[in-house]
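One-letter residues, chain by chain:
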Amino acid sequence: MSLSAENDKPSAEIEVTEIRGDTSDGTFHQGQLGDHKPRRSHYFSPLDPAFADAVHKDAEVVSYTPAEEREVRRKIDNRVLPLIIIRTLMDIRGPSGNAHVIPAFNENYGITTNKRWTLGLSIFYVGYYSELIDTSVLQRRIGANRFFFLSLGFWGLVSLSFTYAKGYATFLVLRVLLGIGEAGFYAGMIYYLSFWRELATRISLCMTGTLPGALGGLLAFGLVRAHTSLLVGWQFLFLVEAIPDLIMAVMILLFLPSFPFSATFLTPRQKAIAQARLNRDHKPQSHGGMNGWDGFKAVVSDINAWLLMLIYASFNVGVATISYFLPTLINGLGFTAINAQGLTVAPYLVGWLMVFLLSWHSDRTNDRGWHVIFTASLSLVGYIILVTSVQKSVGAAYFALFLVIGGNYALFPLVMSWASNIFSPTSKRGVGTAFIVSISNCVSIASPQVYFDPEDSFRKGHTISAACLLTCVLVAFTLRTRLTIVNKNRGKKSLGSEEGPAEGRGEEQAEIADIDPRFVFMT
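None of these values were measured; they are calculated from a predicted model.

**Overview of the overall build of the chain**
So, point 1. Counting its regular elements, the chain contains 22 helices and zero strands.
So, point 2. Residue pairs at least 24 apart in sequence account for 82% of intrachain contacts in the chain once pairs closer than 6 positions are excluded.
So, point 3. Here the chain displays about 21400 Å² of accessible surface, and carbon together with sulfur accounts for 64% of that area.

**Describing the nonpolar core**
So, point 1. One finds F105, Y109, F171, L308, I311, F315 and V372 to be the most contacted residues of the largest nonpolar core, which totals 135 residues.
So, point 2. The element that contributes the greatest number of residues to this core is helix α20 (residues 394-422), accounting for 18 residues.
So, point 3. If near-sequence neighbours (up to four positions away) are discounted, V372 is found in contact with I311, L411, L414, V415, W418, C472 and A476.

**Remarks on unusual backbone geometry**
So, point 1. A positive phi is found at N366, a non-glycine position, where the angle reads about 55°.
So, point 2. Relative to the helices and strands, N366 resides in the loop between α18 (345-365) and α19 (369-389).
So, point 3. Even without being glycine, F458 reaches a positive phi, approximately 60°.
So, point 4. The exposure class of F458 is buried, given its relative accessible area of 7%.

**What about α20?**
So, point 1. Taking 1.5 Å as the rise per residue, α20 with 29 residues should run 42 Å; its terminal C-alpha atoms sit 42 Å apart, in good agreement.
So, point 2. In terms of residue burial, α20 counts as a mostly covered element, since 25 of its 29 residues are buried.

**With respect to the environment of S63**
So, point 1. Turning to its location among the elements, S63 is positioned in the loop between α3 (49-61) and α4 (66-90).
So, point 2. Under the relative-accessibility criterion, S63 is labelled partly exposed at 48%.

**Quick look at the packing of aromatic side chains**
So, point 1. Applying the stated criterion to the full structure yields 28 aromatic pairs.
So, point 2. The interplanar angle of 70° and the centroid separation of 5.6 Å between the aromatic rings of F325 and F458 together place this pair among those described as edge-to-face. With F325 in helix α16 (residues 303-332) and F458 in the loop between α21 (426-446) and α22 (459-494), this pair connects stretches of sequence that are 133 residues apart.
So, point 3. By relative accessible area, which is 0% here, F325 ends up buried.
So, point 4. Here a set of aromatic residues connected by ring pairs shows up, and it is made of F105, Y109, W117, F162, Y168, F171, W234, F238 and Y324.
So, point 5. One Lys or Arg, R146, reaches over the ring of Y43 and ends 4.8 Å from the middle of that ring.

**Quick word on the pattern of salt bridges**
So, point 1. Counted by the stated rule, this structure contains eleven salt bridges.
So, point 2. Note that E71 and R74 form a salt bridge whose closest N and O atoms lie 2.5 Å from each other. Highlighted residues: E71 and R74, both in helix α4, separated by three residues, approximately one helical turn.
So, point 3. Its relative accessible area of 40% is what places R74 among the partly exposed residues.
So, point 4. Its salt-bridge partner being D302, residue K428 comes within 2.9 Å of it at the nearest N-O pair. Of this pair, K428 sits in helix α21 while D302 sits in the loop between α15 (292-300) and α16; the two residues are 126 residues apart in sequence, bridging distant segments of the chain. Both residues of the pair, K428 and D302, belong to the buried class.
So, point 5. If you follow the salt bridges from partner to partner, you end up with D25, E68 and R269 in one network.

**Quick word on the packing of α16 against α20**
So, point 1. Contact pair α16 / α20: the axes reach a minimum separation of 9 Å and the direction vectors enclose 150°. By the criterion of interaxial angle, the relationship of α16 to α20 is roughly antiparallel. Considering how the two elements wind past one another, α16 and α20 form a crossing that is left-handed.
So, point 2. The residue inventory of the contact of α16 with α20, partitioned by class, reads 21 nonpolar, four polar and no charged.

**Topic: the environment of I76**
So, point 1. With respect to the element layout, I76 can be found in helix α4.
So, point 2. Judged by relative accessible area, I76 falls into the buried class, the value being 4%.
So, point 3. Sequence spacing of I76 and F265 is 189 residues, and the spatial spacing of their C-alpha atoms is 8.5 Å.
So, point 4. Other than its neighbours up to four places away in sequence, I76 contacts L81, W196, F265 and A274.

**Regarding a nonpolar patch on the surface**
So, point 1. Together, I243, I247, V250, M251, L254 and F255 make up a nonpolar patch on the protein surface, roughly 520 Å² of accessible area in all.
So, point 2. Here F255 shows up in helix α13 (residues 233-255).
So, point 3. In this structure F255 comes out as partly exposed when scored by relative accessible area, which is 39%.

**As for the side chain of R368**
So, point 1. Tracing the backbone through its elements, the reader meets R368 in the loop between α18 and α19.
So, point 2. Looking at R368, the relative accessible area reads 2%, which means it is buried.

**Here's the deal with the confidence of the model for the chain**
So, point 1. Counting all residues, the mean pLDDT for the chain is 81, and 84% of those residues have values of 70 or more.
So, point 2. The lowest-confidence element of the chain is helix α1 (residues 2-24), averaging 44 in pLDDT; the highest-confidence one is α19, averaging 95.
So, point 3. Predicted confidence for residues 1-21 stays below pLDDT 50, and this span has one contact to residues more than four positions away or in other chains.
So, point 4. Within the model, the stretch residues 501-509 combines pLDDT values under 50 with 28 contacts to residues more than four positions away or in other chains.

**Considerations on the packing of α18 against α20**
So, point 1. One can describe the packing of α18 onto α20 by two numbers: an axis separation of 8 Å at closest approach and a directional angle of 40°. Considered as vectors, α18 and α20 are oriented oblique to each other. The hand of the α18/α20 crossing is right-handed. Here α18 contributes A346, P347, Y348, V350, G351, M354, V355, L358, S359 and S362 to the contact with α20, which in turn contributes Y398, L401, F402, I405, G406, G407, Y409, A410, P413 and L414.
So, point 2. Here the residues of the contact of α18 with α20 are counted per class, giving 15 nonpolar, five polar and no charged.

Parameters and conventions
- Residues numbered from 1 in each chain as written.
- Predicted model: local features only at pLDDT ≥ 70, side-chain atom pairs only at ≥ 80, totals over all residues.
- Heavy atoms only, no water.
- Helix = DSSP H or I, 4+ residues; strand = E, 2+ residues; numbered from the N terminus.
- Contact = heavy atoms within 4.5 Å.
- Areas by Shrake-Rupley, 256 points an atom, 1.4 Å probe, with all protein chains shown as cover.
- Core = buried A, V, L, I, M, F, W, Y, C linked by side-chain atoms within 4.5 Å.
- Buried < 20%, exposed > 50% of the residue type's maximum accessible area, 1.4 Å probe, protein only.
- Expected span 1.5 Å × (residues − 1).
- Phe/Tyr/Trp six-rings, centres within 6.5 Å; stacked < 30°, edge-to-face > 60°.
- Lys NZ or Arg CZ within 6 Å of the ring centre and 35° of its normal.
- Salt bridge = Lys/Arg side-chain N within 4 Å of Asp/Glu carboxyl O.
- Axes fitted to C-alpha atoms, helices over the stretch in contact; angles between N-to-C directions.
- Parallel < 35°, antiparallel > 145°, perpendicular 65-115°, else oblique.
- Left-handed = near helix turned anticlockwise from the far one by under 90°.
- Nonpolar A, V, L, I, M, F, W, Y, C, P; charged D, E, K, R; others polar.
- Patch = residues over 30% accessible without salt bridge, like charges linked within 9 Å, V, L, I, M, F, W, Y side chains within 5 Å.
- pLDDT = per-residue confidence, 0-100.

As structure tokens, this is what we get:
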């Protein structure tokens, strides 16, 4: 009897050791699913949450080397970033802005006054705002690739319609439809990128309009001279925006992974490593957690959400207007319409460099607040120079546009990545980013109207934009101070307890909400 028991004991220990070995390998729970792959019953059905749960469980216990982590990061960057960056480069931002300095475009659409032009710019945000929060819920259900296919496909078709449409009423309708097509794309991309790491740097590469703006100015400089029996110069501007959107919609549908757990280019172990890397910052879940309504209630009752919304809304006054008015502003400095197109390239290129460096440094230092304050201050200085020098010095006014472009566009990745670091759980994060963008775009509806004084070189518009940037600086300082105090208070409460801050710990599978005393805010 005793001999048998002794023989059984080593066998049991071996069995437990093997199970634990498989578990720490990061493939055990995924292996329990067998050879089954995530399936959908129809286009709008979600993926089986069992696959997401398995990856999350494996990520809790997986062990890996720095070399393996670098390999996973390389694979992610090689698959995800090229698709998003190419899509962004093809997003020739503001073809209407480039076309507005061309008389033939204004005649075709009946844009006879500055008021008609600014109304057309403002009405875009009516369509944009009407669909934004609903689209964030849809994206979480069906996955990023299917959602972006719908968004970009509709966006591309509307852009194509601008090529042949006529009349002011048609112009307004198309602007509303363009807003609906674009609704949710940028907030949705922020939400999607929150499933990976090095967030601000990735957003700066993927989501800012600086490089597309430079490319758009360069193309406009060449295309406005084009003339065929079917199309004239300004029509080509919309054509080169529409066709790439339609192409990229198909490419993203076929090749962009919906979620990290469904990434076919990663092995099961690499999926667990990718999720474990992300758990260092927060513990996002692709499925489960709050529903859309619960997430919305959590956001609107959070003072941090309202402060972030004020920050975004204040700098977005400039972002919502500069891409449309930059050719007009340069044209107003005394340059011809064609040369004004070419002179938009340099501010956008320098702006992209500023966006990337500021975002990279923000990720490297794990700081958001001071970077937002510094960047908003740069843009503020640019607007002050425009107000004081636009009628005195062409060189000073043109230099100021570099600061305005770089500062305004750099704020977008910094603020949105800050929001992604502040909101938790994932369901709140998805609704929260959509909430910030949608409410802020209510301000964007009125933003183009601040440029109502072309006879005074838009100095009043620049003054209003400067005041908004000053508000951005003050609110960002307030939010950073508040989060620092909250973190200190939570740290004091955790002293002497067994559970320290959530940051960097291997917690249970459930996400830690931002109201949990263990949650540490990024400041």
